[in-house]
Amino acid sequence: DTGSAAAVPIDPRFDIAYVTPVTIGTPPQTLQLDFDTGSSDLWVFSSHTPTSQIRGQEIYTPDKSTTSKLLDGHTWSITYGDGSASRGNVYTDNFTVGGLAVASQAIQCAQQVSSSFTTEESIDGLLGLGFSTLNTVNPASQLTFFDNAKSKLGSPVFTADLKNKQAGTYDFGFIDKAKYTGEITYVPVNPDPGYWTFTSSGYAVGSGNFSGSPITGIADTGTSLVYLPTAIVTAYYRQVQGATNSRNYGGYVFPCSATLPPFTFGVGETKFTIPASYMSYAPVTDGSSTCFGGLQSSSGIGVNIWGDVALKAAFVVFNGANPPTLGWATK
Ligand SMILES: Cc1ccc(-c2noc([C@H]3C[C@@H](O)CN3)n2)cc1F
């Protein structure tokens, strides 16, 4: 079997996050989920979510599904990198993504979500595509959709073809040659503790020379920006007129009119260039002429993160074979 579904930016102006339609239960209930390779819980706004915490999101109502089953006594609780959090109980039900079906997928129903989820009206929940070791369900950890689907897939892979300010695609079980150019460069993945962790072969700022120092980090579709070591980030913003590291805005900002250099990162022998236009993320507040950079420092995080700003510049294969690998191709 295979599956293929659109990854749609939640805001037409800035690529904050992408949502993908999924169906849950019988008859099918359609929700828009944020596919996140940096976590491994599949959770949804639901009939168990207090109405005061719901603002326009679609919800999953297990009682309306003839195939839903309560996973008695199981609970979950998760906190994301930005401090957002949710928790709740667990059902199993039929689940499909782009025509690929899994019977009895663990569906984590929110009984509590933090305000940042309430206000993100376009996101009805998250679908974790990290390794199942990260799943937070207690007392028994649950498998991700990808792990449940793997045995049905021609090839144990999924691919991310995220795009700048337009809809891209998540494919499951096959590699679509029409989505990339040249060869795919595969690099090793360390699946411990559960992220798609790989090592980039280096970077360059604009037309500067390539610095071949290894950068270990995670490929994270659920993170909007790229977070790298401070030395790399300062080297980049040294080339941006008027750029400053703003304590007020929590990162590097610059005049939206500034000329930005592109940013190149290496994967094996291949080089990927993030266009300058991707390196300006958004005005710091609506209508401001000060813009927030798409590249920020990872010093406060503890891990380097290749988020959407980088992933949009490539076609990425998440190879769930044993051992797992990551494939990168230009497009
Ligand atoms: C409101 C909201 C907040 C955070 C996230 C979110 N989703 O994925 C991630 C990153 C960070 C790391 O935790 C795993 N991947 N963050 C989504 C939201 F809709």
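Since the structure is predicted, the reported quantities are computational estimates derived from the model, not experimental observations. Residue positions are given per chain, counting from 1 as you read along its sequence in written order. Residue-level local features of this predicted model are given only where pLDDT is at least 70; pairs of side-chain atoms are given and counted only at 80 or more, and the full residue set underlies all totals for whole chains, interfaces and linings. Only hydrogens and water are set aside; all other atoms, that is, all heavy atoms of the structure, feed into the side-chain values.

Q: Even after reading the chapter, I still don't get the state of the cysteines, so can you show me in this structure?
A: Working definition of a disulfide: a covalent bond connecting the sulfur atoms of two cysteines. Two cysteine sulfurs form a disulfide in these notes if their separation is within 2.5 Å. As enumerated under the stated definition, the model contains 1 disulfide in all. Put simply, Cys-256 and Cys-291 are joined by a disulfide, and their sulfur atoms are 2.1 Å apart. Classification of the bridge connecting Cys-256 and Cys-291 rests on its S-S torsion, roughly 105 degrees, and on that basis the disulfide is right-handed. Highlighted residues: Cys-256 in the loop between β17 (251-255) and β18 (263-267) and Cys-291 in strand β21 (residues 290-293), separated in sequence by 35 residues. Among the residues examined, Cys-291 registers a relative accessible area of 6% and is labelled buried. Comment: elements are numbered from the N terminus, with helices defined as DSSP H or I runs of at least four residues and strands as E runs of at least two. Categorising residues by exposure relies on relative accessible area from a 1.4 Å probe, with only protein chains included: less than 20% of the type maximum marks a residue as buried, more than 50% marks it as exposed, and the intermediate range marks it as partly exposed.

Q: Would you take a moment to explain the site of the ligand for this structure?
A: Neighbouring residues of the ligand: 14 residues in total, closest Asp-36, Gly-81, Asp-82, Asp-220 and Gly-222. Contacts to the ligand include Asp-36, whose side-chain N or O atom sits 2.8 Å from a nitrogen atom. Counting of polar contacts relies on pairs of N or O atoms within 3.5 Å, with two restrictions inside protein: one atom must be capable of donating a hydrogen and the other of accepting it, and residues adjacent in sequence are counted only when both atoms are side-chain atoms. Contacts to the ligand include Gly-222, whose backbone N or O atom sits 3.2 Å from an oxygen atom. Expressed as a share of its isolated accessible area of 440 Å², the protein-covered part of the ligand is 85%. Think of it this way: one heavy atom of a residue within 4 Å of a molecule or strand is enough to make that residue near it. Values of accessible area rely on a 1.4 Å probe in the Shrake-Rupley scheme; residue burial ignores everything except the protein chains shown.

Q: What is the right way to look at the sheet that holds strand β12 (residues 197-200) in this model?
A: Through backbone hydrogen bonds, the strands of a sheet pair up, either in parallel or in antiparallel fashion. Criterion used throughout: strands pair if DSSP finds at least two bridges between them. Pairing is mixed across the open sheet formed by 5 strands, whose spatial order is β12-β14-β23-β15-β22. Strand pairing shows two members of the sheet lacking a second neighbour, β12 and β22 (295-297), which therefore form its edges. Strand-to-strand twist across the sheet, computed as the mean angle between neighbouring axes with direction ignored, equals 40 degrees. With 2 bridges connecting them, strand β15 (residues 226-228) and strand β23 (residues 304-306) associate as antiparallel partners. Bridge pairing in β23 places Tyr-227 opposite Ile-305. Contacts between residues were defined by any pair of non-hydrogen atoms, one from each residue, lying within 4.5 Å. Orientation is described by lines fitted to C-alpha atoms, with helices fitted over the stretch in contact, and by angles between N-to-C directions that extend from 0 to 180 degrees. Here helix α3 (residues 230-237) sits on the sheet and contacts β14 (215-219), β15 and β22; the angle it forms with β22, its principal contact strand, is near 135 degrees.

Q: For this particular structure, what's the right way to read the nonpolar core?
A: The nonpolar side chains of soluble globular proteins are, as a tendency, buried together. As used in this record, nonpolar core signifies buried Ala, Val, Leu, Ile, Met, Phe, Trp, Tyr and Cys residues forming a set joined through side-chain atoms within 4.5 Å. Among the nonpolar cores identified, the biggest contains 79 residues, and Phe-95, Phe-145, Phe-172, Phe-263, Leu-326 and Trp-328 are the most heavily contacted of them. Top contributing element to this core by residue count: α3, with 5 residues. Among residues more than four places away in sequence, those in contact with Phe-263 are Tyr-203, Ala-204, Leu-228, Ile-232, Tyr-236, Phe-272, Thr-273, Ile-274, Met-279, Leu-295 and Trp-306. Counting 16 residues, the second-largest nonpolar core is a separate cluster that includes Phe-45, Trp-76, Ile-78 and Phe-117.

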